[in-house]
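Single-letter residue listing:
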Amino acid sequence: MDYSHTDAELIRQPVGYWSWATYRAVVSRTRAALAELGTTQPQWWVLAQVARAATPKTRAEVSGLLRDYLDTGPEAMESEIDATIASGWIVQTAPDDRLALTPEGRTFFERAAAVQDDLWKERHAGISDEEYLTTMQVLQRFIRNTGGRAWHH
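Residues numbered from 1 in each chain as written. Predicted model: local features only at pLDDT ≥ 70, side-chain atom pairs only at ≥ 80, totals over all residues. Heavy atoms only, no water.

1. Some remarks on the side chain of Thr 84
Note the threshold: By definition, any uninterrupted DSSP run of H or I lasting at least four residues is a helix, any uninterrupted run of E lasting at least two residues is a strand, and each is numbered from the N terminus. The buried label goes to any residue with under 20% of its type's maximum accessible area, the exposed label to any with over 50%, and the partly exposed label to all in between, with areas taken from a 1.4 Å probe on protein chains only.
One can find Thr 84 in helix α5 (residues 74–86). What makes Thr 84 buried here is its relative accessible area of 0%.

2. Things to note about the side chain of Thr 39
The condition that has to hold: In what follows, residue pairs with any heavy atoms lying within 4.5 Å of each other are defined as contacts.
Note that Thr 39 resides in the loop between α2 (15–37) and α3 (41–52). Accessibility expressed as a relative area gives 5% for Thr 39, which makes it buried. Ignoring sequence-local partners within four residues, the contact set of Thr 39 consists of Leu 34, Trp 44, Trp 89 and Phe 108.

3. A short note on the nonpolar core
The following threshold applies: Buried Ala, Val, Leu, Ile, Met, Phe, Trp, Tyr and Cys residues form a nonpolar core when they are joined through side-chain atoms within 4.5 Å.
Counting 25 residues, the largest nonpolar core has Trp 44, Val 46, Leu 47, Leu 66, Ile 90 and Phe 109 as its most contacted members. For this core, the secondary structure elements donating two or more residues are α2, α3, α4 (59–66), α5, β2 (99–101) and α6 (103–124). It is α3 that provides the largest number of residues to this core, a total of seven residues. Those residues within four positions of Trp 44 in sequence are excluded, and the remaining contacts are Leu 34, Thr 39, Arg 52, Phe 109, Ala 112, Ala 113 and Gln 116.

4. Quick notes on the confidence of the model for the protein
Selection criterion: What pLDDT reports is the predictor's confidence in each residue, on a scale of 0 through 100.
Of all residues in the protein, 98% have pLDDT values of 70 or greater, and the mean over the chain is 92. By mean pLDDT, the top-scoring element of the protein is α6 (97), and the lowest-scoring one is helix α1 (residues 7–10) (88).

5. What to know about a nonpolar patch on the surface
Our working rule: Two distance rules govern patches: like charges are joined within 9 Å, and nonpolar side chains (Val, Leu, Ile, Met, Phe, Trp, Tyr) within 5 Å, applied only to residues with over 30% relative accessible area and no salt bridge. All accessibility values rest on the Shrake-Rupley procedure with a 1.4 Å probe; residue burial counts only the protein chains present in the view. By definition here, a salt bridge exists when the distance from a side-chain nitrogen of Lys or Arg to a carboxyl oxygen of Asp or Glu is within 4 Å.
Taken together, Val 15, Met 136, Val 138, Leu 139 and Phe 142 make up a surface patch of nonpolar side chains, about 330 Å² in accessible area. For the nonpolar patch, the element with the most residues is helix α7 (residues 129–145), which contributes four residues. Mapped onto the secondary structure, Val 138 falls in helix α7.

6. Some words on the packing of α3 against α4
Counted only if it meets this: Inter-axis angles, ranging from 0 to 180 degrees, are taken between N-to-C directions of lines fitted to C-alpha atoms, where helices are fitted over the stretch in contact. The cut-offs work like this: below 35 degrees is roughly parallel, past 145 is roughly antiparallel, 65 to 115 is roughly perpendicular, and the gaps in between are oblique. The handedness criterion is simple: a crossing whose near helix is rotated anticlockwise from the far helix by less than a right angle is left-handed, and one whose near helix is rotated clockwise is right-handed.
Contact pair α3 / α4: the axes reach a minimum separation of 10 Å and the direction vectors enclose 130°. The angle between α3 and α4 places the two elements in the oblique class. For the pair α3 and α4, the crossing hand works out as right-handed. Residue-level contacts link Trp 45, Val 46 and Gln 49 of α3 to Val 62, Leu 65 and Leu 66 of α4.

7. Notes on the pattern of salt bridges
Oppositely charged side chains can form a pair if their charged atoms are brought close together. All chains considered together, the criterion is met by five salt bridges. In this structure, Arg 59 and Glu 78 form a salt bridge, with 2.6 Å as the shortest nitrogen-oxygen distance. With a gap of 19 residues between them, Arg 59 in helix α4 and Glu 78 in helix α5 connect regions that are remote in the sequence. Residue classification places Arg 59 among the buried positions, given a relative accessible area of 12%. Asp 96 is the salt-bridge partner of Arg 98, the closest N and O atoms lying 3.5 Å from each other. You can call Arg 98 partly exposed: its relative accessible area is 29%. A residue is classified by how much of its surface remains accessible, and Asp 96, at 37% relative accessible area, is partly exposed. Overlapping salt bridges bring together Arg 59, Glu 78 and Asp 82 as one network.

So, in structure tokens, the structure goes:
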């Protein structure tokens, strides 16, 4: 691969810029691919949380977990959950407000999961697991070193 700078120059490049540029490229590509399916990234998050849950989660649990993803916020996340329900992909049961996939939701989730798998392969082309692990560890150290917080902290 041709890099933007020599190794000596790359060492002096600002991580803030390159992490931002990476974020924009990855999120834009992901959102465009999901839009082709007729969904949003936050709706995908909802579907994934509901589909992969060992036990059904409540609306509050799903909303609480996802509202900080990419600064989505609680109001927007509630709206995305509503849109996922309106699409017929999940239902909210009474009286406990648990969310469950509908048969249509299961089919759609599987289609969207296949797209996400393809996107993962696309992003990771030419990147070893060791390089990826090092990248994740370094980014988390940058967060810690600057007093920042990630969603899991």
